[in-house]
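A look at the structure
Chain residues, written in single-letter form:
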Amino acid sequence: MKAFEYAAPLYEADVLELLSAEPGTTEILAGGTDLIGLMKKMIITPDRVVNIKEVASLGGIERDSLGVTIGAVTTLDDILESPDLDDYPALKQAIRCINSPQIQAQGTIGGELCQRPRCWYFRQGDGLLAQAGRLVAEGENRYHAILGNLGPAKFVHASRLAPALLAVEASVRIIGPGPEDETIMPLADFFRTPRHERQREHVLEPNQLLTHILLPPVDGFTSASYEVRHGEGPDYPLVAAAAALRTTGGLVTQANVVMGHVAPVPWLSASAAEALLGRPVNEATARAAGEAALVSATPLSGNGYKVKLARVAVQRAVLLAAGLETGGF
Amino acid sequence: MAQYSWPKRGTASLIGTEQDRIDGLPKATGMAKYAYDINAPEMLFAKLLGSPHAHCRIKSIDTSAAEKVRGVKAVKTMKEPGNEIRWQGDHIACVAAESEGAAAEGVAAIKVDYELLDVFVNEEDLEAAERAGRAQPLKPDIKTPNEPGDDDDEDEFYNMEFDRLFSEAAVVVEGYYGVPVISHMCLEPHGSTCEWNSDKLLAHLSTQNVSGTASQFGDPLGITADDVTVHCDYIGGGFGSKFAADAWGVIAAQIAKETGRPVKLMLDRDLELKIAGIRPSGFIKVKAGADSEGKVTVWDSRHWGTAGPGAPGNVGHGIIPYVFNPPSIRRQQIPILTDTGPHRAWRAPGHPQACAMSQTAYDDIAAKLGIDSYDVFLRNLPKPSTPEQAHRDEIYRGEMEVAARLMDWKAKWHPHGKGNAKGSIVTGLGMALHTWGGSAHNSTCIIKVHPDGGVETFLGSQDLGPGTRTVIAMVVAETFGLPISAVKVNIGSSRYPASGPSGGSTTVGGVSESNRRGSQDALEQLFALVAKKLQVEPASLEAKKGRIQVQGEPSKGLSWKEACSLLGMKPLEVQGKYERGAEPSPLSSIQVGGVQMAEVAVDRDTGVVKMKKYVAVQDMGLIINRKTAASQIYGAVIMGIAYALFEERIMDPKTGAYVNCETGDYKLARLGDVGEIVVELYEPDSEYKRGVVGLGEPPVISPGAAISNAVANALGVRVPVLPLTPKRVLEALEEGRA
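Some words on the overall build of chain B
- Scanning chain B from terminus to terminus reveals 19 helices and 28 strands.
- In terms of C-alpha radius of gyration, chain B reaches 28 Å, essentially the compact-globule figure of 27 Å for 738 residues.
- C-alpha extents for chain B along the principal axes are approximately 85 × 70 × 65 Å.
- Expressed as a percentage of the 738 residues in chain B, the buried residues total 57%.
- The contacts of chain B with a sequence gap of at least 6 include a subset with a gap of at least 24, amounting to 80%.

Written out as structure tokens, the structure reads:
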């Protein structure tokens, strides 16, 4: 670990002042479950670490007529225990899948969304784009992307909550770089596939801060998350999917289907939604949604099996969102 | 000298009971100090620079920048320009600093120029290994009813002979099976804290070889072993990989000497996985023929695997097929040299792979014949071939019956792929059986009985997992008729009398031998004193419930304390010594076995395998502590489930990088993955009377084959290579459909 300067400001404005515009020189510390390991391995080597957990305005869960606002440093356990979020089962199911008391107690929702990819080439120091994607393409890619992987980025986005949050149409509040700068943007616009090593997996500038996650009122949405996991431990899923559905008279009027761990960004599938619209949810339509979601899949040399898994994950998330039996364990 | 013996069955007060570990509380509360927990005042932290490349030559090493990093106190190179590196992570230099962070920064600042050389790491691909010149086939080992004549061309003769044998078989199965390399993944990585007191070294070493590592430090440091103390009260996993001081232990001692400060060097997780030992892989192509009832008559196989870059260390052909012994065999072993970290012993070296490579084929014969795998295993039980294996087939048969009852095998059995599916979920049963030696290692102890009644024992042993302290306390307390708490057990220092390394399932046998002998001898001396005092014959005395008394007459005797007071001023010190010899010992023996059965559920849509139930029946001669014995088996089964379903070393095929060398990526079974585990200790009179036999390794052998067989039974398709990941299961189903 490289020696670094540590700061623990109390106010949002002070955080912004402590952050540098230069990528890689300052890092934000929330739960630290990912950051500390990356620093110990010297994969990231900031000069300054800014702990945002002391900033009171970044914590807590508030519900009003406009929906629910979750502060970025709210822990996953606090979200799980909050009755204000009972209407968003997809979110709570995704947290339960993490299956790690330590990470749930320590990890924050902001950190969960901003955590770095698990790509082993990235984590052994080959860079996020793993030498322009060549190492991944020619190497061990069993856990890598099957969608959106034609450029150098072939990792999968690490967030396990993003599919659920995208499915229920969450937004995020971002501040900086200036003390008065504030943006609210759809979460769908927050993630991006990096094109070069100085970019991250989201649109934040190095001196911007994700402060809150905003959930619109449920308004008839039923939602669910489904992860295909190799085992019962805290390991990351092989693939994941979340679905949120609105139905009228037994027919789907709106569907958001999002896959996780299939692409460098959480993958919103318009074609899966299309397959459900105007139809009842049943095993056949859920399967059709799964098929549609993967039509454009471009698996790598060693991850073709993930296409099948992702189909199943979508199918089961859709069934679960409709309150139906999913099959499986 | 007395005839050493164990209490007659049914008469012991402690032997054969269930006892909690006497060091369980310190382990559970964190009071126990492992090597990793040892911190000395003014201690430096050391880290290794490991090679980033799998195969290269060092052109130059420049440590000047590292020496200038703030906090760095010493930089030492461990390789020279011109040296060839044969695996990623191999140690090149060591940096010691005031903090772990500074040591890591120092390591990062070392500049090394490498000349890159060709890399070969994918040994599963035999043809690629042959093309790369990395395959080193050994001569096939052949056994057939007919031998070639003087004029016969040997190869031609055997080819015709095997053709004939296969043509006579009622059923022939051709299979491919495999087990990749796995790492030991000790929770506590390898390493030590080394401190000097003038010219004497104290090495707090994480080791399974307390009595055998002092000279490994002494030689390279230019001192003799009498100036070295190796200390290890607790070890956080070794599994066969921690017998040595290792280059990184020696360099820590060297830097400690040169800087005059204690040095702690525990391997980082990635280096732990890359350089501190692996279990060799094994892949096999088999053709096996059997009669219509599944009795195998002919076996023809080639198997290959890697043990790293050096000499052959992959699975030997002598245990192929595993346990079974068909009348005609041709088997060839092909070691493959790869640019990967060298192997070290891994719990029952060779056996888990051999079992998973061959008892799978036996199960496929059952599948092909559509008959119960249990019956096929039963029909193929080997006839005893050595004196140690006498009645072995009967014991296996008995264990199979017990296992089948505990699994409810007959009720649950369905032919392969013919079970009732519940949606996409199918279930299946599989079994396997195993064999192991487990003879006691050499062990010497000193038993001290103090005039005030205090009892302690000293020996340079270690607790790799069997509950060494507890076992020793039980043996001594049993002999003296005392409670376990009355015995102080001192292990973990090379200053104590030498006891063997914990390898080969030898520890419980070894420490039981020395301590039973020593305490029986000590008791004889006490009996002599008490007999004189009571005016009775020494042979009429017994030690029971804290008294030394005339047998069956508690009133005619002395309390333990009174008896010990007869010693006068000095404690009684008796050496207990066991050396393996030609003569069988009355206290320990060799040869165990076990039968295991797995029940799994598989989701055909996701390829996820879940353990439902696992039954492990194991014999181990006379059982000292039923609780720690069962714990060993639970641990072994969980470790077996891990390598059957989760664990593997994953290498980048081009660079030879070990890509999943962190805990987040190196998958292991968690508690939620292991299902219900039923352990049965099999100890009929025939086994009790054989004395102690080790058990640490054997129960880890069968899970790979048993679980693979259960998955094959569920799916009706063999998933050929472990671990049975969703990827492999789905790919096998895909292929099975095609």
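The rest of the description comes next.
As for the overall build of chain A
- If you tally the helices and strands in chain A, you get 13 helices and 12 strands.
- If one aligns the C-alpha atoms of chain A with their principal axes, the spans along those axes are about 55 × 50 × 35 Å.
- Within chain A, buried positions represent 53% of all 329 residues.
- Across chain A, every contact between residues at least 6 apart in sequence was considered, and the portion connecting residues at least 24 apart equals 66%.

Quick notes on the sheet that holds strand S21 (residues 487-490) of chain B
Residue and element names in this part refer to chain B.
- Taken in spatial order, the 4 strands line up as S21-S20-S19-S25 in an open sheet, and their pairing is mixed. Each edge of the open sheet carries a strand with a single partner, namely S21 and strand S25 (572-578). Shown here is a sheet whose adjacent strand axes are inclined to one another by a mean of 20°, direction ignored.
- Alignment of strand S19 (residues 443-449) against strand S20 (residues 455-458), held across 4 bridges, turns out to be antiparallel. Within S20, the residue paired with Ile-446 across the bridge is Phe-458.
- Sheet contacts for helix H13 (residues 468-480): S19, S20 and S21; angle to S21, the most-contacted strand, approximately 140°.
- Along the sheet, helix H14 (residues 507-534) makes contact with S19, S20 and S25, crossing S25 at roughly 140°.

A few points about the packing of helix H16 (residues 626-645) of chain B against helix H18 (residues 703-715) of chain B
Residue and element names in this part refer to chain B.
- Relative orientation of the contacting elements H16 and H18 amounts to 55°, with a least axis distance of 8 Å. Considered as vectors, H16 and H18 are oriented oblique to each other. Classified by chirality, the crossing of H18 by H16 is right-handed. Contact residues: H16 offers Val-637, Gly-640, Ile-641, Tyr-643, Ala-644 and Leu-645, while H18 offers Pro-703, Gly-704, Ile-707 and Ser-708.
- Here the contact of H16 with H18 is built from residues that sort into 7 nonpolar, 3 polar and no charged.

Here's the deal with helix H9 (residues 351-369) of chain B
- Given a rise of 1.5 Å per residue, 19 residues ought to cover 27 Å, and the 27 Å separating the end C-alpha atoms of H9(B) matches this to within 8%.
- Counting buried positions over the 19 residues of H9(B) gives 18, a clear majority of the element.

Some details on helix H19 (residues 726-737) of chain B
- Counted at 1.5 Å a residue, the expected span for H19(B) with its 12 residues is 16 Å, and the 16 Å between its end C-alpha atoms agrees.
- Taken together, the buried positions of H19(B) are occupied by Pro726(B), Lys727(B), Val729(B), Leu730(B), Ala732(B) and Leu733(B).

A look at the pairing of strand S4 (residues 61-64) of chain A
- Where S4(A) and strand S5 (residues 67-71) of chain A come together, 4 bridges link them in antiparallel fashion. Residue Arg63(A) lies in a different strand from S5(A), and its bridge partner there is Val68(A).

Quick notes on the interface of chain A and chain B
- Tallying the contact residues gives 26 residues for chain A and 33 residues for chain B.
- Broken down by secondary-structure element, the contributors of at least two residues to the side of chain A that touches chain B are helix H7 (120-126) and helix H13 (305-321) of chain A.
- When residues in the side of chain A that touches chain B are grouped by element, the largest group, 4 residues, is from H13(A).

As for the sheet that holds strand S3 (residues 72-77) of chain B
All names here are of chain B.
- Taken in spatial order, the 7 strands line up as S3-S5-S1-S13-S10-S11-S12 in an open sheet, and their pairing is mixed. Either end of the sheet is taken by a strand with one partner, and the two such strands are S3 and strand S12 (228-231). Between one strand axis and the next, the sheet turns through 20° on average, direction left out of account.
- Here 2 bridges tie strand S1 (residues 44-50) to strand S13 (residues 263-266), and the two strands are oriented parallel to one another.

Digging into the nonpolar core
- Counting residues in hydrophobic clusters, the biggest one holds 275 residues, and the most contacted among them are Ala243(A), Ala313(A) and Val318(A).
- In terms of residues, this core owes the most to one element, H13(A), which gives 12 residues.
- With residues near it in sequence (within four places) discarded, Ala313(A) still touches Tyr226(A), Val228(A), Val239(A), Ala240(A), Ala241(A) and Met259(A).
- Membership of the second largest hydrophobic core comes to 58 residues, among which are Val75(B), Cys194(B), Val263(B) and Leu271(B).

Some words on the confidence of the model for chain B
- Chain-level pLDDT for chain B is 96 on average; 100% of the residues reach the 70-or-more range.
- What the predictor reports for the complex is a pTM of 0.97 with an ipTM of 0.97.

Quick look at the environment of Val678(B)
Residues and elements named next belong to chain B.
- In this fold, Val-678 is placed in strand S28 (residues 676-682).
- Along the chain, Val-678 and Gly-218 lie 460 residues apart, while their C-alpha atoms are 46 Å from each other.
- Beyond its immediate sequence surroundings of up to four residues, Val-678 is in contact with Leu-406, Lys-613, Tyr-614 and Val-615.

So, the packing of H9(B) against H18(B)
Residues and elements named next belong to chain B.
- Across the interface, H9 lies against H18 with an axial gap of 8 Å and an inter-helix angle of 30°. Taken together, the axes of H9 and H18 lie roughly parallel to each other. Handedness of the H9/H18 crossing: right-handed. Residues Pro-352, Cys-355, Ala-356, Gln-359, Thr-360, Asp-363 and Ala-367 of H9 form the contact with H18, whose own contacting residues are Gly-704, Ala-705, Ser-708, Asn-709 and Ala-712.

Considering the environment of Ala598(B)
Residue and element names in this part refer to chain B.
- Locating Ala-598 in the fold gives a position in strand S26 (residues 592-603).
- When the 31 C-beta atoms within 10 Å are taken as the criterion, Ala-598 is described as buried.
- A C-alpha to C-alpha distance of 40 Å links Ala-598 and Gly-133, two positions 465 residues apart in sequence.

About the cut-offs
- Residues numbered from 1 in each chain as written.
- Chains lettered and ligands numbered in written order.
- Predicted model: local features only at pLDDT ≥ 70, side-chain atom pairs only at ≥ 80, totals over all residues.
- Helix = DSSP H or I, 4+ residues; strand = E, 2+ residues; numbered from the N terminus.
- Rg over C-alpha atoms; globule rule 2.2 N^0.38 Å.
- Buried ≥ 20, exposed ≤ 12 C-beta atoms within 10 Å, placed from the backbone.
- Contact = placed C-beta atoms within 7 Å.
- Pairing = 2+ DSSP bridges.
- Axes fitted to C-alpha atoms, helices over the stretch in contact; angles between N-to-C directions.
- Parallel < 35°, antiparallel > 145°, perpendicular 65-115°, else oblique.
- Left-handed = near helix turned anticlockwise from the far one by under 90°.
- Nonpolar A, V, L, I, M, F, W, Y, C, P; charged D, E, K, R; others polar.
- Expected span 1.5 Å × (residues − 1).
- Core = buried A, V, L, I, M, F, W, Y, C linked by C-beta atoms within 7 Å.
- pLDDT = per-residue confidence, 0-100.

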